[in-house]
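# Understanding the architecture of this molecule
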Amino acid sequence: MCDTTVEQLLPHLGSLKIERVERWDLGLRLWASVRASSATCLSCGTASERVHGRYWRELADVPIAGAAARIWLRVRRFVCGNAGCAVRTFAEQVDGLTRRRLRSTDGLRQTFTQIGLALAGRAGARLAAILGMVTSRSTLLRLVRGLPNPPASPVTVLGVDDFAIRRGQNYGTVLIDCQDGRVVDLLPGRDAAPLAQWLTEHAKPQVICRDRASAYAEGARTGAPDAVQVADRFHLWQNLAKAVERCVARHKDCLREPVTTPPGDLPAAEVPEPRGAMAQRRREHHQLVHDLLAEGAGIRQIARHLGWGRHTVQRYARAATWQQMLVGQKPRPSSLDPFKPHLLRRISEGCRKATVLHREVAAQGFTGGYGIVRAFVEQYRARPDLSTVVKPPSVREVTGWICRHPDHLVERDSDRLRALLDRCPKLGTAAGLVRSFAGMLTNLRGTQLDAWITAAQQAALPGLTGFATGLTNDLDAVTAGLTLPHSSGPVEGNVNKIKMIKRQMYGRAGFDLLRKRVLLAG
C-alpha cells in the first residue's frame, strides 16, 4: 500500500507523513511522523523549532475497511524558547488528531461518542466490536457524559409535560420548543419549583403549553408571570372523556335494550323435546335406520351401507323413539325409571325445579342423588336462544360512541347510540354537551366556553358538572387552549422518545446520562 493511497483513505492524516504500513494480527499498523517543522507551546503559545528529543506514540484510529488501525506516531519534543514559560519542553500535538495523554485519535473518539449517543453502553460496545473498534460500555458512557450541553436559545412557545423515570415512584419534566419540536431541557421532578427556577434563569417564553396539572401552572406563574398559559386540548378532551364515562356509569340501567319478544312459557300439557345439534343428529339417524329397516334391509347391510358399526345400528333399531338415544335416555335400566312417569307429568304441569322434583321422588322411595334428577329435568328445560339476543353495550363502548365523531361511527353503532339517547334523556343531554365542546375544540371557539360551563352546570349531570366546575379553576388557560393554535402535540411525541431511550438503557441510566442522550441524540 503506497503513501498516496493511505492518505486518500484517511484524509484526517493529511498533516502526517506515512512512512510505512504493516499488517498484524488485529488489522493494520501505520508508521508516521509529523510534516510540520515547528510546534507551538501549549502553555505560552510560543512557536519553537528546537527539538529536544523524539519518541514513538501509539494511537488507536478508526478502522480501515473493517480492519482495526493503529498509528505509531513519531513525536518530537521541543524546547520552549520563552524563558518565562512554566515548562521547559513540550510534545508536539496534531490538530484534529491527537491530544495530551490520550491514546486514541479524535476521529475514533467522535465515532465512539456518536455510537454512545445512539445506542448507549452495552449495545454500543457490541456494535463497535463488530465494526472493528474495541471499547467498553463505560468508555462510551464517559464520552457521552463529557459532551457539552447544547447552547441555549430563546424559546417563544414552550411545551411542558412530565415523564416517568421510574413509573409510580420517580418523575421528571421535559421542556420542548413547540415550534420546531426540539427538546430544550430535562428537569428532575414534576413540581413547580424546578420549572420556576428554569424560567427565571432563561429567556422568558411568550406562550407556555401545559397540561392541567396545578404544579406546572404555579411554576409558570412564578417563573414567567407575563407568559400566556395554554391548556393542552388533548388533555382537555381526555378529561372530558373520563367525565363522560362517569356519567354513563351512573346511567348504566339505560344501556340495557328493551326485550321486544320475551320468551313465553310452554303450554302446560306439552313436554318440550330436547333441543340442540346432538338431538337433531339423533333424530335424523334414528329415522334413517328405521326407514331402511322398513324397506327390508338387515342390520349388517345397513351398517355396511352407512359405514357405521353393527352395534350402533342395533341400538338405533332397538330404540322405540329417538329420545332414547340421548345421554341419560338409553334403554339401559336406571334407578330413576320407576319415577319418570311422575317426573314427566310434573314437568308437563310446568314444574321444572330439580330440587322440588327430587324431594317428591325421594318421598316416593327414590334413593338416588340430586344430580340424576337434575340431569333428567335439564333436557326438558326451555333455554332461550341467546344468539339472537343483543348484548347490552358496556360503559366504555357507549363513552366511545358519544366522544367519537358521528361520521366515524359505523351504521350499527350509530343506530344503537340513537336508540339509547332516545331512551335516556340524561345521556342525550350529555351527548349534546360533548358535541358542543368538540365544536369549540376543533374550531377554536374559546369565546363560547363560559356559556358551555353554565349549561353543563345547569344540566347537573354526574361527572360533567364536576368537569365544568374544574374548568373555572383554570379558566384563562383553558380559554387560551380553545382559542390559540398552540398545543402540546410535539411534547407527547418527545415523551415517547424519552421512554424508548430509557428502556434502551434497561432503566439503569442516571438522570444526567438520560438528559445528555435526549438533548444531544437529535
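Every value quoted in this text rests on a predicted model; they were computed, and no experiment measured them.

## Remarks on the overall build of the protein
Counting its regular elements, the protein contains 21 helices and twelve strands. For a compact globule of 522 residues, the expected C-alpha radius of gyration is about 24 Å, and the protein comes in at 42 Å, more than 25% above that figure. Along the three orthogonal principal directions, the C-alpha set of the protein runs to about 130 × 75 × 40 Å. Averaging the positions of the 75 positive and the 47 negative side-chain charges in the protein gives two centres separated by 8 Å.

## Let's talk about the confidence of the model for the protein
Chain-level statistics for the protein give a pLDDT mean of 85 and a share of 90% at 70 or above. Note that pLDDT drops below 50 for residues 261–271; the model gives that stretch eleven contacts with residues more than four away or on any other chain.

## Thoughts on the pairing of strand 2 (residues 27–34)
For strand 2, a buried count of seven out of eight residues is recorded, marking the element as mostly surrounded by other parts of the structure. Pairing geometry for strand 1 (residues 16–24) and strand 2, over eight bridges, is antiparallel. If you follow Glu-22 over to strand 2, its bridge partner there is Arg-29. Hairpin geometry of strand 1 and strand 2 is characterised by an intervening segment of two residues between the two adjacent antiparallel strands. Two strands pair when backbone bridges link them, and strand 2 and strand 6 (residues 67–79) are joined in this way by seven bridges, in the parallel orientation. The residue bridging Ala-32 from the neighbouring strand is Leu-73, located in strand 6.

## Side note on helix 13 (residues 370–378)
Within helix 13, burial applies to Val-373, Phe-376 and Val-377. All buried residues of helix 13 project into a common sector of 95° when viewed along the axis, lining one side. In this fold, the buried residues of helix 13 make contact with helix 11 (340–348) and helix 12 (354–363).

Calculation rules
- Residues numbered from 1 in each chain as written.
- Predicted model: local features only at pLDDT ≥ 70, side-chain atom pairs only at ≥ 80, totals over all residues.
- Heavy atoms only, no water.
- Helix = DSSP H or I, 4+ residues; strand = E, 2+ residues; numbered from the N terminus.
- Rg over C-alpha atoms; globule rule 2.2 N^0.38 Å.
- Lys, Arg positive; Asp, Glu negative; His and termini not counted.
- Charge placed at Lys NZ, Arg CZ, Asp CG, Glu CD.
- pLDDT = per-residue confidence, 0-100.
- Contact = heavy atoms within 4.5 Å.
- Buried < 20%, exposed > 50% of the residue type's maximum accessible area, 1.4 Å probe, protein only.
- Pairing = 2+ DSSP bridges.
- Arc of directions from axis to C-beta.

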